Amino acid sequence: MKQLPPDTVRLLSSSQVITSIVNVLKELIENSLDAGASSIDVKLENYGLDRLEVRDNGHGIKAADTPVMAVRHFTSKICSHDDLQHLETYGFRGEALGSICAIAEVSVTTKTVADDISTQYMLNFTGEIVSQKPSHLGQGTTVSVLKLFKNLPVRRQYYSSTKKCKEELKKAQDLLMAYAIIKPDLRLTLVHNKVVVWQKAKVADHRSALLATLGPSAVANLLPCHHHQEQPEIFLEGFFPKPGADYSSTSSSNPDKTFIFVNNRPVHHKDIMKLLRQHYIAQYPDDPARNRYPTLVLKISVSPSSLDVNLAPDKTQVLLHEKEAVLTAVEALLVSLYGYRTSSDPPADKQLGHEISPLPSSPLQTDASRLVIEQSVEMDDSVINHSAADKSKDQFLAEDWSRGTALTDPSSREPLQPVKIHQPSKHNHSGSDEFKSPSSTNKKMFNAITEKRAALTAYDLISNRAMRAPLSPAALFEKEARAEVLREKPTASLQDISGAVHERWKNLREEDRKKYEEKAKKHLEHHDQRTKLASAEGPRELNVSTPRSHLRNQKRKAPQSNQQLLDELFSAQPQKKTKSPAPKPSQPLPCSVAALRLQLQRLSSQSSAAPRGLHLVNRLASQSAWVILCGQRLMLLNPFRVEEALLFKRLLENNILPAESLQNPIQLTDGSLGGAEYTDALCNMEKQSPELNGQTVFSDPRLVANGFKIKLTPGLTSAERHLEVTAMADCVPFLGLEDLREILTAVLHRKARTVQECRPLKVTNYLQGEAVRLVRQLPTNLSREDVEETLLRMEQQLGENNHTCIHGCPFLQHLSDIPSTDQEAKALLRPLEL
């Protein structure tokens, strides 16, 4: 073995640190930023191969440090490895400029505040100064790199094609855009062959920087977001695509517009990128959106001690010590913005439906399952809300649902039972021998409602014969497909099986679909034939050998004229003969129903108006609802919906959102508010008395109630006045300047004068959630006095037209009309036809 010469070692290590033109540019720009530069000019000739120059207006290099400024491992940023635990600069290794000297010709021109003139230094391949001369340039540092990769012919040959050079120029522009976004107060220009390729001026905030880099059309679909986690301390902020926005305007086919920063350092992190894409793509079920990258900015701030940037020479890859915590925080931010949906999850409506009932919704459901679903759907909302309150944290288990213990009665805490409806029997047969016989326990009850609704019928009863209804094409296909899905996925849930069968039916070819339609047609024809045959044959002859059939035949043959006598005989209770009591003295009084009706009509015509108002009748304990009388109608009242609407109205009118002071106040300009007219409308609002320094705080309730604290510093002219937001409510997610603009729009265009008229949409949604949360804390069983007070407040505050809750559900459900004549009463009491 032989030791390599120092020149060879230097060249090999330098070619590892500097691998491309963008690497040179990145190292020089980061040196300028570490020097406190606020303006950086980048000039390229022949894509940077012939000349690459970076000029800044930073602090400059002191004359005492210039002899070692390009010598490897000399740096002013750290003193030991322990300094990496609190690193605040971009560079720290002290080998960038020395590595560039090994593969190119380098000159450095610098000037500090203490220097009278700037000095240009020529460096050799070891980074030592070979000559120096005065220069005319101002304060700052200018690094010129000539003949890049002059002694690496293979590396230089790589850039011989124009395509590779243009790709490198695009990467250089993307790099400058990243620093332009994270450093809003930085001015940047990129010049190639004396042509300005891209430039960005100094701006006030990150949103303005995005407007300057990405353009207004892209920024219009971005929302500012922030998130703070305490243990470990992690700050997240940035701009994300609006939920549901068109993916063509909020994403691109490559990741050049997905900016990820860790401690203000642009990085590439696969796990964070994967998480961002996963939640963004979950909004779009279309396949074209799955290969796209969202346009967004994510700034992650962690403790320097929990970050290791010394992984790759270009410092674009970092190691997060609290990686899982950072990923959890990022996911929490994305869930709050886009909801908990991944690309493999079903849509939200399917999730909601199956969260309540895991039963498959298919044409082959049995009557029992359909009746369970029908009952759960038609149940009053208040029952579902209160019986499911204990289950809100934990979803219903399939085992509980199958046992019938998922939904419980709020008053008795017992499982809800299926509803049974019976027609009151006309005669009492308790004393009959027929019902005393042992076989009568299995006798069918003829006073029960056995007729099923048409939508739920799976069997047709024809002449006491059970006949299966004809199957539809989809049902025939499902019988075959369900078995195939179970063979392929034995552990699949009912929800997954139904979804797979439905998807296969949707994607079925036209020829196969016609086959099932022909099968269904044959089933229908066969059903019609059996129906006609059964109707023609009449009732099936029954075996009279058994006591039960014998009794039934006897009852069927009994003449109609004797039925009343039989009912009286069987219903008569054997009682001991007792002496009838002596008749009470009575006196007949003349009374005429016609005269009474005429008198009532006369009284009603004399009254100025018909009696109005709501009157409580009684409470339904199992339903937590009240039956009330409204004129001639019986109504069912849900008092919780009324309380919800009343509380929401009171919150809209009186609630004041607490404002938290901002660490960095937000400056308000005509551009950020939407125009000068909005600024004038804001300045015309009510203000407090001026302070000693002349500043004034706005006290208008339309601003204060919505969580905004704005301070005005007056000037001689409107252009000199200064407006800034010093505090905002943090209880409303993503509250910002857009909501302030919404308030000013209501004041300016709708002439809104009250707080209720000026509530932004985000604040309104927040108050709705608070109203629902507070109403859920009310006791389940309200007293009569409480409900009467609720009705009184409903009539006084909500009026007659507004009788719905904040979800659009009505307070009152119509049950029945009270008959006003004897004919109507008899019509309501007629027996049901079975």
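Just so we're clear, the structure is a prediction, and the values are computed from it rather than from any experiment.

### Here's the deal with the overall build of the protein chain
And then number 1: Helix and strand counts for the protein chain stand at 28 helices and 27 strands.
And then number 2: Put simply, the protein chain has 834 residues, and 38% of those count as buried.
And then number 3: Intrachain contacts of the protein chain at a sequence separation of at least 6 include 64% that bridge at least 24 residues.
And then number 4: Element-wise, carbon and sulfur atoms account for 53% of the exposed surface of the protein chain, whose accessible area totals about 50300 Å².

### Observations concerning the packing of aromatic side chains
And then number 1: For the structure shown, the criterion picks out seven aromatic pairs.
And then number 2: For the pair Phe149 and Tyr159, a centre-to-centre distance of 6.3 Å together with 5° between the ring planes defines the contact as stacked. Placement of the pair is Phe149 in the loop between strand E6 (140–146) and helix H4 (153–158) and Tyr159 in the loop between H4 and helix H5 (162–182), with a sequence separation of ten residues.
And then number 3: A ring pair is formed by Tyr247 and Tyr284, whose centres lie 5.6 Å apart and whose planes are at 65°; its orientation type is edge-to-face. Remark: Tyr284 occurs in the loop between helix H9 (270–281) and strand E14 (293–294) and Tyr247 occurs in helix H8 (residues 247–250); sequence separation between them is 37 residues.
And then number 4: Here Tyr284 falls in the buried class, since its relative accessible area comes to 9%.
And then number 5: An aromatic cluster is present here, built from Phe149, Tyr158 and Tyr159 joined pairwise through their rings.
And then number 6: Here Arg277 stacks its cationic end above the ring of Tyr293, 4.0 Å away from the centre of that ring.
And then number 7: The ring centre of Trp505 lies 4.4 Å from the NZ or CZ of Arg513, which sits over that ring.

### So, the pattern of salt bridges
And then number 1: Within this structure, the stated rule accounts for 23 salt bridges.
And then number 2: For the salt bridge of Arg55 with Glu53, the shortest nitrogen-to-oxygen distance reads 3.3 Å.
And then number 3: Between Asp512 and Lys515 there is a salt bridge, with its nearest N and O atoms 4.0 Å apart. Of this pair, Asp512 and Lys515 both sit in helix H17 (residues 510–537), three residues apart, which is roughly one turn of that helix.

### So, a negative patch on the surface
And then number 1: A cluster of acidic side chains, namely Glu510, Glu511, Glu517 and Glu518, defines a negative patch on the protein surface.
And then number 2: For Glu511, the location among the structural elements is in helix H17.
And then number 3: For Glu511, a relative accessible area of 47% gives the class partly exposed.

### Quick look at the sheet that holds strand E9 (residues 222–229)
And then number 1: Taken together, the five strands give an open sheet; going across it, the order is E9-E10-E15-E12-E13, and neighbouring strands pair in mixed fashion. Looking at the sheet topology across the chains shown, the edges are occupied by E9 and strand E13 (265–266).
And then number 2: As judged from the five bridges shared by strand E10 (residues 234–241) and strand E15 (residues 296–301), these two strands associate in the antiparallel manner. If you follow Glu237 over to E15, its bridge partner there is Lys299.
And then number 3: Relative to strand E12 (residues 258–262), H9 is tilted by about 135°, and along the sheet it contacts E10, E12 and E15.

### Some thoughts on the sheet that holds strand E25 (residues 708–713)
And then number 1: In space, the four strands of this open sheet follow the order E23-E26-E25-E24, with antiparallel pairing throughout. Two strands in the sheet have a free side with no partner beyond their single neighbour: strand E23 (659–668) and strand E24 (696–697).
And then number 2: Summarising the sheet, E24 and E25 pair through two bridges and their orientation is antiparallel. Directly across from Val697, in E25, lies its bridge partner Lys711.
And then number 3: Strand contacts of helix H25 (residues 737–749): E23, E25 and strand E26 (722–729), with the helix running at about 80° to E25, the strand carrying the most contacts.

### Considerations on the confidence of the model for the protein chain
And then number 1: Residues at a pLDDT of 70 or more form 73% of the protein chain, whose mean pLDDT is 76.
And then number 2: Within the model, pLDDT remains below 50 along residues 426–464, and this stretch shows 61 contacts once partners closer than five positions in the same chain are excluded.
And then number 3: Confidence over residues 539–559 falls short of pLDDT 50; this stretch has 16 contacts with residues more than four positions distant or in other chains.

### Remarks on unusual backbone geometry
And then number 1: Note that the residue after Gln231, namely Pro232, is joined by a cis bond; omega there is -10°.
And then number 2: For Lys194, which is not a glycine, the phi torsion comes out positive at approximately 65°.
And then number 3: The residue Lys194 is located in the loop between strand E7 (187–192) and strand E8 (195–200) in this model.

### Brief notes about the nonpolar core
And then number 1: Membership of the largest hydrophobic core comes to 58 residues, with the highest contact counts inside it found for Leu28, Ile40, Val42, Leu52 and Val145.
And then number 2: In terms of residue count, H5 provides more of this core than any other element does, eleven residues in total.
And then number 3: Once you skip the residues sitting within four places of it in the chain, Leu28 turns out to touch Leu52, Val54, Leu97, Ile100, Val143 and Val145.
And then number 4: Ranked by size, the runner-up nonpolar core spans 54 residues in total, among them Phe648, Leu682, Cys683 and Ile743.

### A look at the pairing of strand E4 (residues 118–123)
And then number 1: Most of E4 is tucked away, with five of its six residues classed as buried.
And then number 2: Where strand E3 (residues 105–111) meets E4, five bridges bridge the pair, whose relative direction is antiparallel. Looking across to E4, one finds that Val106 is bridged to Leu123.
And then number 3: As consecutive antiparallel partners, E3 and E4 are separated by six residues.
And then number 4: By the bridge criterion, six bridges tie E4 to strand E5 (residues 129–135) in an arrangement that is antiparallel.

### A few points about the packing of H9 against helix H10 (residues 323–338)
And then number 1: Axis separation between H9 and H10 bottoms out at 10 Å; the angle between their running directions is 20°. It follows from the interaxial angle that H9 and H10 lie roughly parallel. Crossing of H9 against H10: the hand is right-handed. Contacts from Asp271, Ile272, Leu275, Leu276, His279 and Tyr280 in H9 reach Lys323, Val326, Leu327, Val330, Glu331, Leu334, Val335 and Tyr338 in H10.
And then number 2: A per-class count over the contact of H9 with H10 returns ten nonpolar, one polar and three charged.

Procedures and definitions
Residues numbered from 1 in each chain as written. Predicted model: local features only at pLDDT ≥ 70, side-chain atom pairs only at ≥ 80, totals over all residues. Heavy atoms only, no water. Helix = DSSP H or I, 4+ residues; strand = E, 2+ residues; numbered from the N terminus. Buried < 20%, exposed > 50% of the residue type's maximum accessible area, 1.4 Å probe, protein only. Contact = heavy atoms within 4.5 Å. Areas by Shrake-Rupley, 256 points an atom, 1.4 Å probe, with all protein chains shown as cover. Phe/Tyr/Trp six-rings, centres within 6.5 Å; stacked < 30°, edge-to-face > 60°. Lys NZ or Arg CZ within 6 Å of the ring centre and 35° of its normal. Salt bridge = Lys/Arg side-chain N within 4 Å of Asp/Glu carboxyl O. Patch = residues over 30% accessible without salt bridge, like charges linked within 9 Å, V, L, I, M, F, W, Y side chains within 5 Å. Lys, Arg positive; Asp, Glu negative; His and termini not counted. Charge placed at Lys NZ, Arg CZ, Asp CG, Glu CD. Pairing = 2+ DSSP bridges. Axes fitted to C-alpha atoms, helices over the stretch in contact; angles between N-to-C directions. pLDDT = per-residue confidence, 0-100. Core = buried A, V, L, I, M, F, W, Y, C linked by side-chain atoms within 4.5 Å. Parallel < 35°, antiparallel > 145°, perpendicular 65-115°, else oblique. Left-handed = near helix turned anticlockwise from the far one by under 90°. Nonpolar A, V, L, I, M, F, W, Y, C, P; charged D, E, K, R; others polar.

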